[in-house]
Amino acid sequence: MVKRREDLSTPRRGRRLDVQYDSDAFGQFSESIARYLGTARFLVWQTVIIIVWIAYNTLPPDGWQFDPWARGLVLLTLVLSLQASYAAPLILLAANRQEARDRVQAELDRNVAERTRADTEFLAREIAGVRLMLADVVTGDELREQLADLTSAIEKLHRRIEGLHPQATTDEAATSLDAR
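Cut-offs applied
Residues numbered from 1 in each chain as written. Predicted model: local features only at pLDDT ≥ 70, side-chain atom pairs only at ≥ 80, totals over all residues. Heavy atoms only, no water. Helix = DSSP H or I, 4+ residues; strand = E, 2+ residues; numbered from the N terminus. Contact = heavy atoms within 4.5 Å. Phe/Tyr/Trp six-rings, centres within 6.5 Å; stacked < 30°, edge-to-face > 60°. Buried < 20%, exposed > 50% of the residue type's maximum accessible area, 1.4 Å probe, protein only. Salt bridge = Lys/Arg side-chain N within 4 Å of Asp/Glu carboxyl O. Axes fitted to C-alpha atoms, helices over the stretch in contact; angles between N-to-C directions. Parallel < 35°, antiparallel > 145°, perpendicular 65-115°, else oblique. Left-handed = near helix turned anticlockwise from the far one by under 90°. Nonpolar A, V, L, I, M, F, W, Y, C, P; charged D, E, K, R; others polar. Expected span 1.5 Å × (residues − 1).

Draft legend 1. Structural detail: the side chain of Ser30. Along the chain, Ser30 turns up in helix H1 (residues 23-37). Aside from chain neighbours lying at most four places away, what touches Ser30 is Leu90, Leu93 and Ala94.

Below, the structure is given as structure tokens:
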């Protein structure tokens, strides 16, 4: 008879052995192994160990050999197969983690490029607006020119006024100088 549950809103827990581990720590461990397996140092050490292994199992008498050549170095083959069976998944895990980091970095780079583009367009619009406003502003040369024209016009008017009332203009000028 099947046992009924009262609460059907939550899924049933599976009956399996639940191994818990820190995936980030395991990922870092696998990356460190993959980094080490990809070095020249590892290849040199592995080559030295294999040469010593083969030499030890071929040169001494049969009683001293632990993996005789006559049996085809079965233990060496087993050790190398075991190493390969663990190394391959660790290397793939490290590669997947690097790919995930690259994907996140690419997304960040896209966001930064997008913001930079928007900021650049904003600044270009602002500069265009400033240029338009500055188009109506008088430059220093134009101002000097206009002041020179005004000065000459005032001098002409002054000479005309002097021509009409020569005595009154000098008295007024003297009075304005005394007032100061």
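Draft legend 2. A look at the packing of aromatic side chains. Throughout the structure, instances matching the rule amount to four aromatic pairs. Relative to Phe42, the ring of Tyr36 lies with its centre 5.5 Å away and its plane at 70°, an arrangement referred to as edge-to-face. Phe42 sits in the buried class, given a relative accessible area of 14%. Their ring planes at 70° and their centres at 5.1 Å tell us that Trp53 and Phe66 sit as a pair that is edge-to-face. Of the two residues, Trp53 sits in helix H2 (residues 40-56) while Phe66 sits in the loop between H2 and helix H3 (74-135), which places them 13 residues apart along the sequence. You can call Trp53 buried: its relative accessible area is 16%. Ring pairs connect the aromatic residues Trp53, Tyr56 and Phe66, which therefore count as one cluster.

Draft legend 3. The arrangement of the pattern of salt bridges in detail. Tallied over the entire structure, the rule returns seven salt bridges. Glu107 is the salt-bridge partner of Arg110, the closest N and O atoms lying 2.8 Å from each other. Pair noted here: Arg110 and Glu107 are both in helix H3, with a separation of three residues, about one helical turn. On the basis of relative accessible area, Arg110 is assigned to the partly exposed category, the value being 48%.

Draft legend 4. Fine view of the packing of H2 against H3. In the contact formed by H2 and H3, the axes pass within 11 Å of each other and the chain directions differ by 160°. Our classification of the angle between H2 and H3 gives roughly antiparallel. The handedness of the crossing between H2 and H3 comes out as right-handed. Two secondary-structure elements touch here, H2 through Phe42, Gln46, Ile50, Trp53 and Ile54 and H3 through Leu75, Leu76, Val79, Leu80 and Gln83. Classifying every residue of the contact of H2 with H3 by side-chain character gives eight nonpolar, two polar and no charged.

Draft legend 5. Representation of the packing of H1 against H3 in the model. Between H1 and H3, whose axes approach to 8 Å, the crossing angle comes to 115°. Comparing the axis directions of H1 and H3 gives the class roughly perpendicular. Taken as a pair, H1 and H3 cross one another with a handedness that is left-handed. Within the contact between the two elements, H1 uses Ser23, Asp24, Phe26, Gly27, Gln28, Ser30, Glu31, Ile33, Ala34 and Leu37 and H3 uses Gln83, Ala87, Leu90, Ile91, Leu93, Ala94, Arg97, Gln98 and Arg101. Class assignment for the residues of the contact of H1 with H3 results in nine nonpolar, six polar and four charged.

Draft legend 6. Up close: H3. Helix length check: H3 (62 residues) gives 89 Å between terminal C-alpha atoms against 92 Å at 1.5 Å per residue, within 8%. Considered for burial, the residues of H3 that qualify are Leu76, Ala87, Leu90, Ala94 and Arg97. Contact partners of the buried residues in H3: H1 and H2.

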